[in-house]
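Descriptive structure summary
Spelled out from the first residue to the last, the chains are:
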Amino acid sequence: MPRYAVLLRGINVGKAKRVAMADLRALLDDLGYTQVRTHLNSGNVVLTGDDADPAEHADRIEDALRERLGLAVRCAVLAADELRTVVEGNPLADVADNGSRMVVHVYLRPVDPALVAGHPPVPQDPENARVGDRAVYQWCPDGLMAAPDIGPYLAQHLEAEVTARNWNTITRLAELI
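Residues numbered from 1 in each chain as written. Predicted model: local features only at pLDDT ≥ 70, side-chain atom pairs only at ≥ 80, totals over all residues. Heavy atoms only, no water.

Turning our attention to the sheet that holds strand S7 (residues 135-139). Taken in spatial order, the 4 strands make up an open sheet running S6-S7-S5-S8, and their pairing is antiparallel. The open sheet is flanked by strand S6 (129-131) and strand S8 (162-166), the only strands paired with a single partner. On average, each strand axis in the sheet is tilted by 20° relative to the strand beside it, whichever way the strands run. Of the strand pairs in this sheet, S6 and S7 are connected by 3 bridges, and their pairing is antiparallel. (Pairing = 2+ DSSP bridges. Helix = DSSP H or I, 4+ residues; strand = E, 2+ residues; numbered from the N terminus. Axes fitted to C-alpha atoms, helices over the stretch in contact; angles between N-to-C directions.)

So, in structure tokens, the structure goes:
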């Protein structure tokens, strides 16, 4: 059975959308997923599930979060090979030397390849943000709080909702998967 990484968007940030990782693991177990493991307290999960389109898994998990926990939470689900592609395809690897200052904006659902193909650097951060097939990479040399917010641009020009993780989290999930 295939392995997947699940990235929940916006949980356990501030006081809204609080989810205990034990409750999240139990919910995913109840849905039939196995080998469920959470990483940190911010909605990062690796698990084993049926061989299906990752978007189908995402819809199923989002529905369960809404029905069982009363939370409207979006998530990205990446198959193991998709996550490895995100890691191996980092276009900023030669300049990003601190994983806590490198952000990966993962698309919640796949983006139209025509919108991604040959996309120029993101205008809000042209030196440090690059569009990839499954994610946008942003190097934040002065720290995450000082980096330009590129989320609205991605929503408008790539028609993409994203969830962001730092590089350390992305590479750790790739190890766990």
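A few words on helix H2 (residues 54-69). Between its first and last C-alpha, H2 extends 22 Å over 16 residues, near the 22 Å set by a 1.5 Å rise per residue. All buried positions along H2 are accounted for by Pro54, Ala55, His57, Ala58, Ile61, Glu62, Ala64 and Leu65. The inward-facing, buried residues of H2 contact strand S1 (3-8), helix H1 (21-30), strand S4 (75-79) and helix H3 (80-88). Two or three places before Ala55, at the start of H2, stands the capping residue Asp53, its side-chain oxygen 2.7 Å from that residue's backbone nitrogen. In the stretch just after H2, Gly70 is the one whose phi turns positive, near 70°. (Expected span 1.5 Å × (residues − 1). Buried < 20%, exposed > 50% of the residue type's maximum accessible area, 1.4 Å probe, protein only. Contact = heavy atoms within 4.5 Å. Polar contact = N/O pair within 3.5 Å; in protein donor to acceptor, adjacent residues only side chain to side chain.)

A few words now on unusual backbone geometry. You will see that Leu40, though not glycine, has its phi angle at about 65°, which is positive. Within the chain, Glu159 stands out as a residue other than glycine whose phi angle is a positive 55°. With respect to the secondary-structure elements, Glu159 resides in the loop between helix H5 (151-157) and S8.

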